[in-house]
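Residues per chain are reported as follows:
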Amino acid sequence: MGYLDTFNAVVGETLMYCQRIEHDIKVIYAAMLKGEMEGNLDLVRRETLGTVLVALENLDFSDNNPMFSREDYRLLKEIKNIRNFIAHQCYVDFLYLDDYNFNLKLDQNYQKICDFNMKMKKLSNFVETARFSVLEKYNRI
């Protein structure tokens, strides 16, 4: 049971990073839009990450001085697929298997999530730094 507890902790931490990135992306987009920051944030708060990323990327590249690279946007757009796997599939993959296959699939999914976790940890720190830069650049703080 201890290993499953570790799996659960990594899943939770990874989802935390994903939520942090999503929130920061929405703040960045709201800050870059013309108008009042809180009103802009209210407009995007319920939008999906994918929708906001497309709009942000278009806005970000509109001045030929983007905050994020095309590669950054590619990685940001990958989040939703892995997050959906974590939220909807990673447990179902092994919960109903016999002991041997349970442990095998648990190990596979644990490694996959650990790899993603490390990427998200780095990306969340990068996006947080970008958030502060954008807030300063657009006189939002």
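See the structure printed just above.
Residues numbered from 1 in each chain as written. Predicted model: local features only at pLDDT ≥ 70, side-chain atom pairs only at ≥ 80, totals over all residues. Heavy atoms only, no water.

## Quick notes on the nonpolar core
A general tendency of soluble globular proteins is for nonpolar side chains to be buried together.
And then number 1: Membership of the largest hydrophobic core comes to 42 residues, with the highest contact counts inside it found for Phe7, Ile25, Leu76 and Met120.
And then number 2: Among the elements of the structure, helix H1 (2-32), helix H2 (37-44), helix H3 (49-60), helix H4 (70-88) and helix H6 (99-137) are those that each provide at least two residues to this core.
And then number 3: Residue contributions to this core peak at 14 residues, all from H1. (Core = buried A, V, L, I, M, F, W, Y, C linked by side-chain atoms within 4.5 Å. Buried < 20%, exposed > 50% of the residue type's maximum accessible area, 1.4 Å probe, protein only. Helix = DSSP H or I, 4+ residues; strand = E, 2+ residues; numbered from the N terminus.)

## Considerations on the packing of aromatic side chains
And then number 1: All told, the structure shown has nine aromatic pairs when counted by the stated rule.
And then number 2: Taking 5.7 Å as the distance between ring centres and 65° as the angle between the ring planes, the aromatic pair formed by phenylalanine 68 and phenylalanine 126 counts as edge-to-face. Taken together, the residues span a long stretch of sequence, with phenylalanine 68 in the loop between H3 and H4 and phenylalanine 126 in helix H6 at a distance of 58 residues.
And then number 3: Aromatic ring contacts, followed pair by pair, group Tyr3, Phe7, Tyr91, Phe94, Phe102 and Tyr110 into a single cluster.
And then number 4: For arginine 70, the ring lying beneath its charged end belongs to phenylalanine 61, and the centroid distance is 3.6 Å.
And then number 5: Between lysine 112 and the ring centre of phenylalanine 85, over which it is positioned, the NZ or CZ distance is 4.0 Å. (Phe/Tyr/Trp six-rings, centres within 6.5 Å; stacked < 30°, edge-to-face > 60°. Lys NZ or Arg CZ within 6 Å of the ring centre and 35° of its normal.)

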